[in-house]
Amino acid sequence: MARMHPRHAQRLRRKRRVRKKIRGTTARPRLVVYRSNRHMYAQVIDDTAHRTLVAASTLEDGIDTGGNCDAATQVGKAVGERAVAAGIAEVVFDRNGNLFHGRVKALADAARDAGLKF
């Protein structure tokens, strides 16, 4: 079996530590951020019903493709507007083991500006 890169192992440890404490409920679903080298993905998930309520990513038309803060801002704005339109006002932010810095912070700030509270 191939060994994991130390940074990847650290992210998974942070992810497990954070996920022990947070759960998405119907009243406050979980806003999950996934960051790859090339793209950003964001989903609003209700963990009790096991359903994705709203999603946005850089793969969509109208959103810049790329692993940069501008693209992350557009994804955050899109997911925030879609969540507010779906009647979701408050969420729990799940940074998925990533540090709250750079693209993850840009996405979170844009979602807050769009009307989400977390």
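**A word on unusual backbone geometry**
Thought 1: Non-glycine residue His50 carries a positive phi angle of around 55 degrees.
Thought 2: Within the fold, His50 resides in the loop between strand S2 (40-46) and strand S3 (51-57).
Thought 3: Overall, His50 belongs to the exposed group, its relative accessible area being 69%.
Thought 4: Residues other than glycine seldom take positive phi values, yet Asn96 does so here, at roughly 60 degrees.
Thought 5: Topologically, Asn96 is positioned in the loop between strand S4 (92-94) and helix H3 (103-113).
Thought 6: Taking the relative accessible area as the measure of exposure, Asn96 reaches 7% and is therefore buried.

**Here's the deal with the side chain of Arg14**
Thought 1: Checked against the element boundaries, Arg14 lands in helix H1 (residues 6-19).
Thought 2: One buried charged side chain, Arg14, makes no salt bridge at all; its nearest oppositely charged neighbour is Asp94, positioned 10 Å away.

**Focus on the pairing of S2**
Across a regular strand the side chains alternate sides, sitting on one face of the sheet and then on the other.
Thought 1: Judged by how many residues are buried, S2 sits mostly within the fold: 5 of 7 residues are covered.
Thought 2: Sheet analysis places strand S1 (residues 30-35) next to S2, joined by 6 bridges and oriented antiparallel. Within S2, the position partnered with Arg30 by the bridge is Ile45.
Thought 3: The turn joining S1 and S2, which pair antiparallel and follow one another in sequence, is formed by 4 residues.

**As for the pattern of salt bridges**
Thought 1: Within the structure shown, the criterion is met by 6 salt bridges.
Thought 2: The shortest N-O distance in the salt bridge between Arg28 and Glu90 comes to 3.7 Å. One end of the pair, Arg28, is in the loop between H1 and S1; the other, Glu90, is in the loop between helix H2 (69-85) and S4, with 62 residues separating them in the sequence.
Thought 3: Assessed through its relative accessible area of 34%, Arg28 is described here as partly exposed.
Thought 4: Accessibility expressed as a relative area gives 37% for Glu90, which makes it partly exposed.
Thought 5: As a salt-bridge pair, Asp109 and Lys105 come within 3.1 Å of each other at their nearest N and O atoms. In this pair, Asp109 and Lys105 are both assigned in helix H3, 4 residues apart and thus about one turn of the helix distant.
Thought 6: Classification of Asp109 as partly exposed rests on a relative accessible area of 28%.
Thought 7: Each of Arg30, Asp47 and Asp94 takes part in one network of salt bridges that share partners.

Definitions and cut-offs
Residues numbered from 1 in each chain as written. Predicted model: local features only at pLDDT ≥ 70, side-chain atom pairs only at ≥ 80, totals over all residues. Heavy atoms only, no water. Helix = DSSP H or I, 4+ residues; strand = E, 2+ residues; numbered from the N terminus. Buried < 20%, exposed > 50% of the residue type's maximum accessible area, 1.4 Å probe, protein only. Lys, Arg positive; Asp, Glu negative; His and termini not counted. Salt bridge = Lys/Arg side-chain N within 4 Å of Asp/Glu carboxyl O. Pairing = 2+ DSSP bridges.

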